[in-house]
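# Chain and residue survey
Take a look at the letters that make up each chain.
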Protein chains: 2
Amino acid sequence: MAIACEQTAIERLIGYLGPQGTYSEEVALNIYRGEFGRFVPYNSICAAIQGVEGGEISECLVPIENSLEGSVNITMDTLAHEVDLAITREIVWSIRHSLLLKSGTKDVKTIISHPQALAQCRQYLSRQYPNAELKSVASTAEAVYLVASGVKGGAAIGSRRAGEIYSLTSVDDDIQDNPNNCTRFVALSRTPVNPGGQNCKTSLVCKIQGDRPGSLCDILQEFAARGVNLTRIESRPARAGLGMYIFFFDMEGSMEDDHVKTAVNAVKAKCQWFKNFGSYSVYNRLS
Amino acid sequence: MAIACEQTAIERLIGYLGPQGTYSEEVALNIYRGEFGRFVPYNSICAAIQGVEGGEISECLVPIENSLEGSVNITMDTLAHEVDLAITREIVWSIRHSLLLKSGTKDVKTIISHPQALAQCRQYLSRQYPNAELKSVASTAEAVYLVASGVKGGAAIGSRRAGEIYSLTSVDDDIQDNPNNCTRFVALSRTPVNPGGQNCKTSLVCKIQGDRPGSLCDILQEFAARGVNLTRIESRPARAGLGMYIFFFDMEGSMEDDHVKTAVNAVKAKCQWFKNFGSYSVYNRLS
């Protein structure tokens, strides 16, 4: 295992949610452009993250939040409960869905996609295809692949690029219900990068002591008192019973900035349980 | 429409996520036991909620949060963005999943269930059926129905009761990864009930003014200052762009209690947008 780990570190393998044609691949190709490394597709977000934790690959790129559907829970929960990794980059990416089918398909009976993509096109689907059956699969690219392989009366929701890869025709582009549809992806690694300078963010997750009304407020004040701007607060189940939560905080700035470092340490001192995902640079690629 | 609405009001139709054999049905049968009314199954959570909004049915029972998987986003988002309904009861229910198949099935190739049920049995599935394909459908009962209808090599995750209804055999009971697996269901109606007395909760959703660090803290202080105990804070996308959120608050007590009413009104005055789901009684049915 140690040898395998050394080898992958030398090779720089970058995992992503495959197969070919996913938004994750599109983002990975763009963000690592010009850098040395080889891409490894995984068939689930969880498997890609565990690949980094186990040393199979040196880093991975996974979605963490969509502007319409909210958190990608599997990413949040795996990061919180199952691995010990750092966030090393954040990429914000416009998601533009197309309805893709084999040329010649007349009657669309089944529409296949990732559950978040189906949810993001809910209004379009109920307006245009009220009677079609909706089927969830592990990725938009898998949906496109299945339709290309010949699901009778099947159509897929995926990127225009995936349609081109698998030789499908796009019937409608930009079918997402809301034009503000973008997804935040994060790159994960075993070691934090903690860069300084502009355009950095820092993330942590914690379990707050006690359940009295003011507990969360106390934590928020540690940030507010030092002028640390929180960009996101998200609760997830602590998995210890209904009504018990852990909180994720994203903030502007880096652990290299004194006010962020002091606030993070003050929060840590007040928590029952705490995990720092480190600081990372933010890239915006909105079209 | 007005006439149809009158008729349903007289009939008291209660919608739930069907078909026969869902956890929603199990909860509905239990919680409305002894009350006058007729049950109407819907094929999606969204359709059941819209049924109340449109006057087709007088109330509906839908899941809103699971202790392991967190919020049921479709319920939260429909309540916030698409309808104007009140919560009239809350029921906390133990979720106990079984692996169900047709007797004689030897090689399980496909495991079918609702995505939350698949997620809740993730560890069991990767331990016992690492090579099985996982398929998502709209409800656990639909999965059980599909396996009973003869999906080759298929097994379903659902309630033991659903297995009995559709004549499947249970291979393993209590296969959920975590024993603390329970779901909160809410009953929704067009009119709030706002009961007084013990064991009540009040819920609201709002968009907080401004995005400075202390905004959420200000809101939390309105509750804390009046001793109102928040049982849950949940952010969801505001759907206006990444980084913009609405916040759901659940609190102990009723709008009939002065301290709750004053705190809720103070919060309302500080918000850009605000919706009160009213106060309701809480029933615990944990086994």
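Residues numbered from 1 in each chain as written. Chains lettered and ligands numbered in written order. Predicted model: local features only at pLDDT ≥ 70, side-chain atom pairs only at ≥ 80, totals over all residues. Heavy atoms only, no water.

As annotated in an unreviewed UniProt entry, chain A carries the name Prephenate dehydratase and is attributed to Methylomusa anaerophila. Taken verbatim from the UniProt record of chain A, the Catalytic activity (unreviewed entry) comment is "prephenate + H(+) = 3-phenylpyruvate + CO2 + H2O". If you open the UniProt record of chain A and go to Pathway (unreviewed entry), you find "Amino-acid biosynthesis; L-phenylalanine biosynthesis; phenylpyruvate from prephenate: step 1/1." (UniProt positions renumbered as here; feature names shortened; annotations may be inferred.)

## Describing the interface of chain A and chain B
Contact with chain A, which involves 41 residues of that partner, is made by 41 residues of chain B. Linking chain A with chain B are 12 residue pairs in polar contact (both at pLDDT 80 or more), by the criterion used here. Sort the elements by how many residues they give to the side of chain A that touches chain B and strand S13 (residues 230-237) of chain A lands first, with 7 residues. Per-class residue counts for the side of chain A that touches chain B are 15 nonpolar, 14 polar and 12 charged. (Contact = heavy atoms within 4.5 Å. Polar contact = N/O pair within 3.5 Å; in protein donor to acceptor, adjacent residues only side chain to side chain. Helix = DSSP H or I, 4+ residues; strand = E, 2+ residues; numbered from the N terminus. Nonpolar A, V, L, I, M, F, W, Y, C, P; charged D, E, K, R; others polar.)

## A word on unusual backbone geometry
Residues and elements named next belong to chain A. Following Gly18, the chain continues into Pro19 via a peptide bond in cis, with omega recorded as 0 degrees. For Pro19, the position within the fold is in the loop between strand S1 (13-17) and helix H2 (23-31). Of note in this structure, Asp174 is not a glycine but carries a positive phi near 50 degrees. Position of Asp174 relative to the elements: it lies in the loop between strand S10 (169-173) and strand S11 (182-189).

## Concerning the domain arrangement of chain A
Residues and elements named next belong to chain A. When the domains of chain A are assigned, the result is domain 1 (2-95 + 182-189), domain 2 (98-173) and domain 3 (200-285). The interface is formed by 18 residues belonging to domain 1 together with 15 residues belonging to domain 2. When domain 1 packs against domain 2, close to 1200 Å² is buried across both sides, 51% of that on carbon and sulfur atoms. The interface formed by domain 1 and domain 2 includes 2 salt bridges. Notably, a salt bridge pairs Arg122 with Glu69, separated by 3.7 Å at the nearest N-O pair. Between the two partners, domain 1 and domain 2, sit 5 residue pairs in polar contact (both at pLDDT 80 or more). Of all elements in the fold, only H2 and strand S4 (70-71) reach the threshold of two or more residues within the side of domain 1 that touches domain 2. For the side of domain 1 that touches domain 2, the element with the highest residue contribution is H2, accounting for 4 residues. Across the side of domain 1 that touches domain 2, the residue classes tally to 7 nonpolar, 8 polar and 3 charged. (Domains from an automatic or database assignment. Buried area = accessible area lost by both parts, 1.4 Å probe. Salt bridge = Lys/Arg side-chain N within 4 Å of Asp/Glu carboxyl O.)

## Looking at the relation of the copies chain A and chain B
In the superposition of chain A on chain B (RMSD 0.0 Å, axial shift 0.0 Å), the rotation amounts to 180 degrees. Taken together, the rotation angle and the small translation identify this as a two-fold axis. Most of the interface of chain A is mirrored in chain B, where 100% of its interface residues are also at the interface. (Least-squares fit on C-alpha atoms with pLDDT ≥ 70 in both.)

## Thoughts on the pairing of S1(A)
All names here are of chain A. Counting buried positions along S1 yields 5 of 5 residues, so the element is predominantly enclosed. On S1, burial covers both faces: Leu13, Gly15 and Leu17 on one face and Ile14 and Tyr16 on the other are all buried. Sheet topology places S1 next to strand S2 (residues 38-42); 5 bridges connect them, and they run parallel. The residue of S2 that forms the bridge with Leu17 is Tyr42. (Buried < 20%, exposed > 50% of the residue type's maximum accessible area, 1.4 Å probe, protein only. Pairing = 2+ DSSP bridges.)

## Some thoughts on the pattern of salt bridges
Tallied over the full model, the rule gives 42 salt bridges over all chains. Residues B:Arg12 and B:Glu59 are paired through a salt bridge, measuring 2.9 Å at the closest nitrogen-oxygen approach. With B:Arg12 in the loop between helix H1 (2-11) and strand S1 (13-17) and B:Glu59 in strand S3 (residues 59-66), the pair connects residues that are 47 residues apart, well separated along the chain. Residue B:Arg12 shares its accessibility class with B:Glu59, and that shared class is buried. Here B:Asp250 makes a salt bridge to B:Arg184, at a shortest N to O gap of 3.1 Å. Of this pair, B:Asp250 sits in strand S14 (residues 245-252) while B:Arg184 sits in strand S11 (residues 182-189); the two residues are 66 residues apart in sequence, bridging distant segments of the chain. For the pair B:Asp250 and B:Arg184, one class covers both residues: buried. Counted as one network, the salt bridges with shared partners bring together A:Glu65, A:Glu90, A:Arg184, A:Lys201, A:Arg232, A:Glu234 and A:Asp250.

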